[in-house]
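Structure at a glance
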Amino acid sequence: MISYKERLSQITTFIFDVDGTLTPPNKPMDMQFMRWFEQWMLKKCLSVVLCTSNTHESISSRLGRKIIEQSHFTFTCGGNEVWANRKKTVLNDWRPQIELIQCLDQIVHESGFKTRSGPNIEYRTGMVSFSIPGKLANDTDREKYKVWDYQTKERNKIVRTIKEKFPNLSVV
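Residues numbered from 1 in each chain as written. Predicted model: local features only at pLDDT ≥ 70, side-chain atom pairs only at ≥ 80, totals over all residues. Heavy atoms only, no water.

**Some words on the layout of surface pockets**
- Volume-wise, the largest pocket comes out at about 1300 Å³.
- It is helix 6 (residues 139-152) that contributes the most residues to the lining of the largest pocket, five residues altogether.
- For the lining of the largest pocket, the residue count by class is 17 nonpolar, 10 polar and 10 charged. (1 Å grid on protein atoms, 1.4 Å probe; cavity = no way out; pocket = protein on both sides within 12 Å on 5 of 7 lines; lining within 4 Å. Points joined across faces, edges and corners; volume = space filled by probe spheres on them. Helix = DSSP H or I, 4+ residues; strand = E, 2+ residues; numbered from the N terminus. Nonpolar A, V, L, I, M, F, W, Y, C, P; charged D, E, K, R; others polar.)

Rendered as structure tokens:
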């Protein structure tokens, strides 16, 4: 039987989520970890792939130029953009219907969770990012919403509503 160390030595491609794995959500990478990660990528001569629902601009400023440039591929906007060699190689140009945006606005307005740090709806390539507390919510407000959602199951209700009204969309 092959050992874990031997198996690990056979891996040639590593795929990393950005937010919550390499960085805290929507925050820069820790500088000490950034330096270590840059060296690890160079030393191992590995193929590194980055994945995120955020934009390329957002992660570039948070991960640093070296990590972005050393990555074999970067899948941004939930895979709707694919970057390689500093160029966007694939693009999904889907745009949301006005009815979807109106539905999301109504959901935000009707939510019992009243702390807002906007934007609640953010357009990205090929997708819409939606959040009741908002993209700029701080860690405390995110935790409060997490507790609120645990008690009310609001996100499950939101997903059901969107799936019912827009059955052709992929909702997560």
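**Concerning the packing of helix 5 (residues 98-110) against helix 7 (residues 154-165)**
- Relative orientation of the contacting elements helix 5 and helix 7 amounts to 155°, with a least axis distance of 11 Å. One element, helix 5, and the other, helix 7, form an angle in the roughly antiparallel class. Considering only the axes of helix 5 and helix 7, their crossing is right-handed. Across from Leu100, Cys103, Leu104 and Ile107 in helix 5, the residues of helix 7 making contact are Ile158, Thr161, Ile162 and Lys165.
- Counted by class, the contact of helix 5 with helix 7 contains six nonpolar, one polar and one charged residues. (Axes fitted to C-alpha atoms, helices over the stretch in contact; angles between N-to-C directions. Parallel < 35°, antiparallel > 145°, perpendicular 65-115°, else oblique. Left-handed = near helix turned anticlockwise from the far one by under 90°. Contact = heavy atoms within 4.5 Å.)

**Some details on the packing of aromatic side chains**
- Applying the stated criterion across every chain, the model contains 11 aromatic pairs.
- Between tryptophan 36 and tryptophan 40, the ring centres sit 6.0 Å apart and the planes meet at 15°, which makes this aromatic pair stacked. Of the two residues, tryptophan 36 and tryptophan 40 both sit in helix 2 (residues 31-44), four residues apart, roughly one turn of that helix.
- Grouping aromatic residues by their ring pairs yields a cluster made of Phe14, Phe16, Phe33, Trp36, Phe37 and Trp40.
- A cation sits over an aromatic face here: lysine 153 above tyrosine 150, 4.7 Å from the ring centre. (Phe/Tyr/Trp six-rings, centres within 6.5 Å; stacked < 30°, edge-to-face > 60°. Lys NZ or Arg CZ within 6 Å of the ring centre and 35° of its normal.)

**Side note on the environment of glutamine 70**
- Its location among the elements puts glutamine 70 in helix 4 (residues 65-70).
- For glutamine 70, a relative accessible area of 25% puts it in the partly exposed group.
- Sequence-wise, glutamine 70 and lysine 114 are 44 residues apart; in three dimensions their C-alpha atoms are separated by 42 Å.
- Sequence-distant contacts of glutamine 70, that is, excluding residues within four places in its chain, are made with Glu38, Met41 and Leu42. (Buried < 20%, exposed > 50% of the residue type's maximum accessible area, 1.4 Å probe, protein only.)

**Here's the deal with the sheet that holds strand 2 (residues 47-51)**
- An order of 1-2-3-4-5 is seen for the five strands of this open sheet, with the pairing classed as mixed. Only two strands of the sheet have a single neighbouring strand rather than two, namely strand 1 (13-17) and strand 5 (87-91). Within the sheet, the average angular offset between the axes of one strand and its neighbour, ignoring direction, is 20°.
- One ladder, built from five bridges, connects strand 1 with strand 2; its direction is parallel. Opposite isoleucine 15, over in strand 2, you have valine 49 as the bridge partner.
- Across the sheet, helix 3 (residues 56-63) touches strand 2, strand 3 (73-76) and strand 4 (81-84), and the angle it forms with strand 3 is around 125°. (Pairing = 2+ DSSP bridges.)

**Observations regarding the side chain of arginine 62**
- Assignment of secondary structure puts arginine 62 in helix 3.
- Looking at arginine 62, its side chain comes within polar contact range of the main-chain oxygen of lysine 27, at 3.1 Å.
- In this structure, arginine 62 is in contact with Val18, Asp19, Thr23, Pro24, Asn26, Lys27, Pro28, Met29, Met34 and Asn54, ignoring residues within four places of it in sequence. (Polar contact = N/O pair within 3.5 Å; in protein donor to acceptor, adjacent residues only side chain to side chain.)

**Some points on unusual backbone geometry**
- Proline 119 follows glycine 118 through a cis peptide bond whose omega is -10°.
- Relative to the elements of secondary structure, proline 119 occurs in the loop between helix 5 and strand 6 (121-124).
- The phi torsion at cysteine 77 lies on the positive side, around 50°, for a residue other than glycine.
- As for its placement among the helices and strands, cysteine 77 is situated in the loop between strand 3 and strand 4.
- For cysteine 77, a relative accessible area of 1% puts it in the buried group.

Purely geometric numbers; function is a separate question.
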